[in-house]
Every structure is written in structure tokens, then in C-alpha cells.
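Remarks on the overall topology
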Amino acid sequence: MSKNEPIQKNTDDDNLFASEKETDFVVDANLADEQGAPPCNTAPPKYHQTRIIRSGIDSLYLSFRGEVRSGLLSQLQEKKEIAKGGRRSGKAVAALRLANIPFKVHAKGQGMHPFVISNGHFRLRVAGENAGKVPPLYVEISSELLSCCGYESSLQAARELADSLLKNADNGSVSRIDLCVDFTSKIDWQGIDAKRWRCRSNYRAFYLESDQLLGNVFGQSGEVSARLYNKTKEIEKSEKFFFKELWQQNGWNGESSVWRLEFQLRREALKSSQSLDPDFITELFNSLWRYYTTQWLSLCDINPNDSNRSRWPLAAEWRTLSKAKFTRHPVEDIHRLNFECIPSDESIFVGATGYLTSFMVKYEYKSLAEALAAYSEHARSYFKSAENKHTSFDAYVEKKVAEKQVKFVKLGDLLESEK
């Protein structure tokens, strides 16, 4: 989500966002069947204008147990030292291939894991020899991989990576999973009366941009948290343009704002529902979603004749969201995706064109060719002024190119050059 303004946390002493109804957490794997045939996501009830575009898994974090393979730690250490000094040392590069997938080796580790390797769709943390009880491997899977290739294919790829890193690797355990539903709606989320929200957490944060509400966060940093935000706006920052194609496949008109409701479930919350098994949790997606959209967070219609907010009925829009179904979708072959650590052409050219057109308007250039010819002169003039902290335009460009040569790596080319 956009972080253009600091998150504002509100602690409500009157328990404004806390549910008055204490319900034990129980997830019934048969709940979806008991509710009858699932409603079609593309044909919601006609009494309101909330329409579900897609449902899916946005994030998946897995931990694996096993023994790091002999020789791998020394190889990772060597690659890490290369990364600290730049991209290559002679023919050696700060990259390696696991399960036929290329990875960049980072110069820094994270926490108890001294080694971090990543590409466009995976981020792996690998423990050293003295890891103790810490799982030797954590795998984070990108939203694009999960959305385009599906949960099962992404899980299988993670297990293949674990097998290439660990001897006797187990099947993995879910450390965090994010369930999400994307939808369009005519409801004014900025104008909702705060009393209509019923939530198990007392904490609510929100994001603003030019006084426009972009999103809400409930229960931030807890074992369970929920985010409701304008996904079309967020994509402008995150550049996850692939979502637009997925939405269009499900009937999005390309113009309406798409909002997302997302629940982030961490290990302790998953443990209480016996959902740590990455295979078994697929049977619980629908009932988990139903529980968290009715018992943990809900939008209600105010009943002025009843002071007990736990009895207020769900808003029609929220009922539609709570009935979203998580089903399998046709997926791409995982090996057809691009694992390179480089920005897409769309993000480069769309982003650059946005800045160039702003430049054209500010300095009153009528054509792109004219603006491009004058750009360097304006930039050098700016960098000579007192408005910046840089020495010169050319020095700044050289510095940024060097930084991005390390950040954006053509892994395939690098690994070929090492041979």
C-alpha cells in the first residue's frame, strides 16, 4: 500500500473497533459444503453494486526443516563476499542456480539467517551452521507467482528449492499466508461511519493521499491483520500491472477502481486453526475467509433500536465479500515466467513517460523530441543549484547506474558468463 503519509494509529478506549461478541475460533473444513452451492463471483446479488473480480493467495511464507547440504554454505559465503564488493570478481558472480532457477545472492543476511538469495519471484533465507532451533530455510513466494501459476504449483516449486538446499527436507510449514479478494464497489469507503466497523482488534490505521482515503489497516502487526485498500492506486506504486490483466480476464472494464480486502494470518493464528500444513490449509481457505469476514472483521448496518453492536446485521456489500470462494484457476507453467531481478518494460516506459510528460507541461514543450533534447540541460542546471545535495548531474547518473547494476541483475547472463 502507499505510504505517502505516516500511518495514524487509533487506540479506542471505548472498544469502538472491538467485537462485543466473544466467539471461540473454530474453522470447519466442511463449512463451504454446508452453505450449499457457491454463488458465482461474477454475478453478485442485484440489490447492491459490489462485484467480486477475483480471489486468491497474495503472499505465502514457508519454513523448512532439514540439514543444509554440504558445500552449499561455503558457496553462499563466497557469493556473499562477491556481492559485498560488487557484482563480479573475475568470472565469479554473486548468483547461483537452484532447481534450475537463477538467484541473486545478497550482501547482507537477515536476523538468524546469514544468507539471503532472491529473484523476481522467490526470496530465501538460509541459516548457517549454528542455527540452533531456527528453521534452516524460509521461503517467501511473490504475489505474481501465486496469482499466475497458482498455489499448488508455487508450493511444489518451493519444495523443489528446499530439496536442492537441504538434505531430508520436510514438506514445509506455513509461517504466513495472505488471503485476498479484489472487487469493485460503489460504496464510499471514506464516508463510512466508524461505528459500522466491528473488529476483534482495537487498532485501526489508515492511509491518506491528498486527503483521499486509500486504505485501512485493522490489527496492524498482530497475528491477524486485515487491509482494505484501493488496489488500482497501490499498483501505481508497486507496479504489479499483471493484476490488471487478471482482472480483465474476469470481466473488469479497465476503468472502475478495484479495491482489495486482504487478511494476513501469521503462524500463531494458523496454529490455532490447525492450518500450518501447506497441503491441508487448501481445504480451509473458504472457511477461513468466512470466519475472518464475519467473526473477526465486519461492516455492519447500524440498528438504532439495538445498542448491542454484535447483533447488527452485516452490510449487503460485506455479505457479498464474505461469501467469496477460493477455487483453483487455470495456471501458467512456472518455468515460463521471468525470474530476472530487473524491472519490466512496462514499469520503465510507463513510469518514465509519466515524468517526461510532467516535464513537458512544466517547461511548456510541445513535442516529446523537443523535451528529450532539452532534458539534460535542465537537469544539469538543477544539479548546479542549491536545491540539491549532489555534486553534479553526471556524477549522480554514474552513481545511480552503479547502484542499479547491483540491484537489477540479469541472472541468466551472469550465470552464463561464469562458465
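Scroll up for the structure.
Predicted model, so just to flag it, every value in this text is computed and none were measured. Numbers given for residues are sequential positions, taken from 1 along each chain in its written order. This being a predicted model, a pLDDT of at least 70 is required before a residue's local features are given, and a value of 80 or more before pairs of side-chain atoms are given or counted; all residues contribute to the totals for chains, interfaces and linings. Note that water and hydrogens are dropped before the side-chain values are worked out from all heavy atoms of the structure.

For this analysis, a salt bridge means a side-chain nitrogen from Lys or Arg found within 4 Å of a carboxyl oxygen belonging to Asp or Glu. All chains considered together, the criterion is met by 16 salt bridges. Linking Lys84 and Glu81 is a salt bridge whose minimum nitrogen-to-oxygen distance equals 3.4 Å. Taken together, the residues span about one helical turn, with Lys84 and Glu81 both in helix α2 (residues 72-85) at a distance of three residues. Notably, a salt bridge pairs Glu262 with Arg227, separated by 2.4 Å at the nearest N-O pair. In this description a helix means any DSSP run of H or I spanning at least four residues, a strand means any run of E spanning at least two, and both kinds are numbered starting from the N terminus.

Moving on to helix α11 (residues 368-384). Expected span of a helix: the number of residues minus one, times 1.5 Å. Between its first and last C-alpha atoms α11 spans 24 Å; for 17 residues at 1.5 Å apiece the expected length is 24 Å, and the two agree. Working definition for bend: take the seven residues up to and ending at a residue and the seven starting at it, fit an axis to each, and measure the angle between the axes. The principal kink in α11, of about 40°, is found at Ala374. With a 1.4 Å probe rolled over the protein chains alone, any residue whose accessible area is under 20% of its type maximum counts as buried; one over 50% counts as exposed, and the rest are partly exposed. If you check which residues of α11 are buried, you get Ala371, Ala374, Ala379 and Phe383.

Moving on: the pairing of strand β15 (residues 212-218). Most of β15 sits out of view: six of its seven residues are buried. Think of it this way: DSSP has to see at least two bridges between two strands before they count as a pair. Here strand β14 (residues 203-209) runs beside β15; their pairing, made up of six bridges, is antiparallel. Along β15, the bridge assignment pairs Phe206 with Asn216. Linking β14 back to β15 in an antiparallel pair, the connection comprises two residues, with Ser210 at a positive phi of about 55°.

Of note in this structure, Asn100 is not a glycine but carries a positive phi near 65°. You can call Asn100 exposed: its relative accessible area is 58%.

Here we take up the side chain of Glu262. Here Glu262 shows up in strand β17 (residues 259-266). Note on Glu262: relative accessible area 2%, which makes it buried. We call two N or O atoms a polar contact when they sit within 3.5 Å, provided that within protein one can donate a hydrogen and the other can accept it, with sequence-adjacent residues counted only if both atoms are side-chain atoms. For Glu262, the side chain forms a polar contact with the side chain of Arg227, separated by 2.4 Å. At a separation of 3.3 Å, a polar atom in the side chain of Glu262 contacts the side chain of Arg260. If we ignore the near neighbours within four places in the chain, the residues touching Glu262 are Asp58, Asp178, Leu179, Cys180, Ser225, Ala226, Arg227 and Tyr229. Whether two residues are in contact is decided by their heavy atoms, any of which lying within 4.5 Å being enough.

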